[in-house]
Amino acid sequence: MMRGSTLAVLLVCAGLALGLAQAQEVQRSVAAESVIESIKRQGVIRIGLATFTPWSMRAVNGDLIGFEPDVGRKLAEDMGVEAEFVPTAWDGIIPALLAGKFDVIISGMSITPQRNLTVNFTQAYAYSGMTIVANRRLTEGFGLEDFDRPEVTFSARRGAVPAAVIAGEFPNAELLLFDDEGAVVQEVLNGNAHATMASEPLPSREARRYPDILHIPFDVLFNQLGEGFALRKGDPDALNFFNNWIAHHWRSGWLQERHDYWFKTQDWAGQVP
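Throughout, residues of each chain are indexed from 1 in the direction in which the sequence is written. Confidence filtering applies because this is a predicted model: local features only for residues at pLDDT of at least 70, side-chain atom pairs given and counted only at 80 or more, and all residues used for totals across whole chains, interfaces and linings. Excluded from the side-chain calculations are hydrogens and water; all other atoms, namely the structure's heavy atoms, are used.

Draft legend 1. Examining the overall build of the chain more closely. Secondary structure elements are taken from DSSP: a helix is a run of H or I of four residues or more, a strand is a run of E of two residues or more, and numbering for both begins at the N terminus. Along the chain, the regular secondary structure elements total 10 helices and 13 strands. Only protein chains enter the calculation, and the probe is 1.4 Å; a residue is then buried if its accessible area is under 20% of its type maximum, exposed if over 50%, and partly exposed in between. Buried residues in the chain amount to 44% of all 273 residues. Contacts are assigned to residue pairs that have any heavy atoms within 4.5 Å of one another. Residue pairs in contact within the chain that sit at least 24 positions apart in sequence constitute 69% of those at least 6 positions apart. Throughout, the Shrake-Rupley method with a 1.4 Å probe supplies accessible areas, and for residues the shown protein chains are the sole cover considered. Approximately 14200 Å² of the chain is accessible, and the part contributed by carbon and sulfur atoms is 54%.

What follows is the structure in structure tokens.
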């Protein structure tokens, strides 16, 4: 009886050991398939991006500059590899990722449920949204609530997202709609509208161009969205590493500092044509 019991215990232990070995082999197989291992092996991380100001731009000398190249180069440096940028048309950037043309998308891609059905997203490494740019004289002393009054006029481009956001956030204000983007800001410059709203960096850029007439009255982002790295599904190791990298550089302030440089200053303007 004792021998039978001992045999049973040995069989259970052997089964557990076999199960553990199989689990470890599966874990090794999954890790080996991670894009992180491929990047380390090849010594280069291939980054898909589309060019649009100031996320990614061509400098006078032809180099890629902007917020995304800064992020990509820092990521590669921290991984001990080289960064290879693969400029790609925006409408084909996700299919190119899925086809293996590059390892990850770092291109100001907003995290949306629709895109998340096709790719995995990291946590946000940047946050964009729309900012109010206003006529100084007309809005002197205004609080945020003062913009939601019938005597206040906003300008916006017809059919564009800012028009819908203004109507939702400031339903009591008058909204003038134009077909031309240039006319929208011009109405505020001329004093025919109190304010308009647009995605950065346009509001800050216009306020710097006309500092005596325009200003950014509040450090408030409307319709705020987060941008994440996009990567192929089924790669938990890569998702874990990228998330930890982003969290570290949020805590250090590096991501915020680089974002502010490209989106809130024009110090870089002389580098582009």
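Draft legend 2. Local environment of helix α9 (residues 236-252). Here α9 spans 24 Å end to end across 17 residues, near enough to the 24 Å set by a 1.5 Å rise per residue. Among the residues of α9, those classed as buried are Ala-238, Phe-242, Asn-243, Trp-245, Ile-246, Ala-247 and His-249. Buried residues in α9 make contact with α2 (35-42), β1 (44-49), α3 (67-79), β5 (104-105), β13 (230-231) and α10 (254-264). Residue Gly-253 follows α9 closely and has a positive phi angle near 90°. Here, expected helix span is obtained from the residue count minus one, scaled by 1.5 Å.

Draft legend 3. Geometry of the nonpolar core. Residues belong to one nonpolar core when they are buried, are Ala, Val, Leu, Ile, Met, Phe, Trp, Tyr or Cys, and are joined through side-chain atoms within 4.5 Å. Residues Ile-45, Phe-67, Tyr-125, Phe-229 and Phe-242 are the most contacted members of the largest nonpolar core, which totals 34 residues. Where this core is concerned, the elements lending two or more residues are α2, β1, β3 (64-65), α3, α9 and α10. With five residues, α3 is the largest single contributor of residues to this core. If you look at the next biggest cluster of nonpolar residues, it comprises 17 residues, including Ala-134, Ala-156, Ala-163 and Phe-170.

Draft legend 4. Spotlight on the side chain of Thr-196. With respect to the helices, strands and loops of the structure, Thr-196 is situated in strand β10 (residues 195-199). By relative accessible area, Thr-196 is classed as buried at 2%. Within the local environment of Thr-196, its side chain forms a polar contact with the backbone oxygen of Ser-155, the two atoms lying 2.6 Å apart. Side-chain atoms alone can form a polar contact between residues adjacent in sequence; in general such a contact is a pair of N or O atoms within 3.5 Å, and within protein one must be able to donate a hydrogen while the other accepts it.

Draft legend 5. Here's a closer look at the packing of α9 against α10. In this analysis, axes come from line fits to C-alpha atoms, helices being fitted only over the stretch in contact, and the angle between any two N-to-C directions falls in the range 0 to 180 degrees. At their nearest, the axes of α9 and α10 sit 5 Å apart, and the two run at 75° to each other. One finds that α9 runs roughly perpendicular with respect to α10. Contact residues: α9 offers Trp-245, Ile-246, His-249, Trp-250 and Ser-252, while α10 offers Trp-254, Leu-255 and Gln-256. Here the term charged refers only to Asp, Glu, Lys and Arg, the term nonpolar to Ala, Val, Leu, Ile, Met, Phe, Trp, Tyr, Cys and Pro, and the term polar to all other amino acids, Gly among them. Counted by class, the contact of α9 with α10 contains five nonpolar, three polar and no charged residues. The labels follow the angle: roughly parallel below 35 degrees, roughly antiparallel above 145, roughly perpendicular from 65 to 115, and oblique for the rest.

Draft legend 6. A look at the layout of surface pockets. Considering only enclosed or pocket space, the largest pocket measures out at about 560 Å³ in volume. For the lining of the largest pocket, the secondary structure elements donating two or more residues are β7 (126-135), β8 (153-157), α6 (161-169), α7 (181-189), β10, α8 (202-209) and β12 (222-227). With four residues, the top contributor of residues to the lining of the largest pocket is β10. Tallied by class, the residues present in the lining of the largest pocket amount to 14 nonpolar, eight polar and six charged. As a volume, the second largest pocket reaches approximately 400 Å³. Lining the second largest pocket are 22 residues, and of these Thr-131, Glu-200, Asp-219, Leu-221 and Lys-264 lie nearest its centre. Elements with a contribution of two residues or more to the lining of the second largest pocket: β7, α8 and α10. A cavity here means a set of points on a 1 Å grid, drawn over the protein atoms and nothing else, where a 1.4 Å probe fits but cannot get out; a pocket is an open set with protein on both sides within 12 Å along at least five of seven lines, and a residue lines either one if it has an atom within 4 Å of a point. Grid points are joined across faces, edges and corners, and a volume is the space filled by probe spheres set on the points.

Draft legend 7. Structural view of the packing of aromatic side chains. When the centres of two rings from Phe, Tyr and Trp lie within 6.5 Å, Trp using its six-membered ring, the rings pair. Their planes under 30 degrees apart give stacked, over 60 give edge-to-face, and anything left gives tilted. Tallied over the full model, the rule gives 20 aromatic pairs. Measuring from ring centre to ring centre gives 6.1 Å for Phe-67 and Phe-263, while their planes differ by 80°; the resulting arrangement is edge-to-face. With Phe-67 in helix α3 and Phe-263 in helix α10, the pair connects residues that are 196 residues apart, well separated along the chain. Each member of the pair Phe-67 and Phe-263 is classed as buried.

Draft legend 8. The environment of Leu-75, seen in detail. Here Leu-75 is to be found in helix α3. Along the primary structure Leu-75 and Trp-245 are separated by 170 residues, whereas in three dimensions their C-alpha atoms are 7.8 Å apart. The contacts of Leu-75, once residues within four sequence positions are left out, are Ile-45, Ile-106, Phe-229, Phe-241, Phe-242 and Trp-245.

Draft legend 9. Up close: the pairing of strand β9 (residues 174-178). By this definition, two strands are paired if DSSP reports at least two bridges between them. Inspection of the sheet shows β8 paired to β9 by five bridges, in the parallel sense. Bridged to Phe-154 within β9 is Leu-175.

Draft legend 10. Main features of α6. Taken together, the buried positions of α6 are Pro-162, Ala-163, Val-165 and Ile-166. Take α6 and look down its axis: the buried residues cluster within an arc of 165°, on one side only. Turned more than 90 degrees from where α6 packs its buried face, Ala-164 and Gly-168 sit exposed. Directions pointing from the helix axis toward each C-beta atom define the arc.

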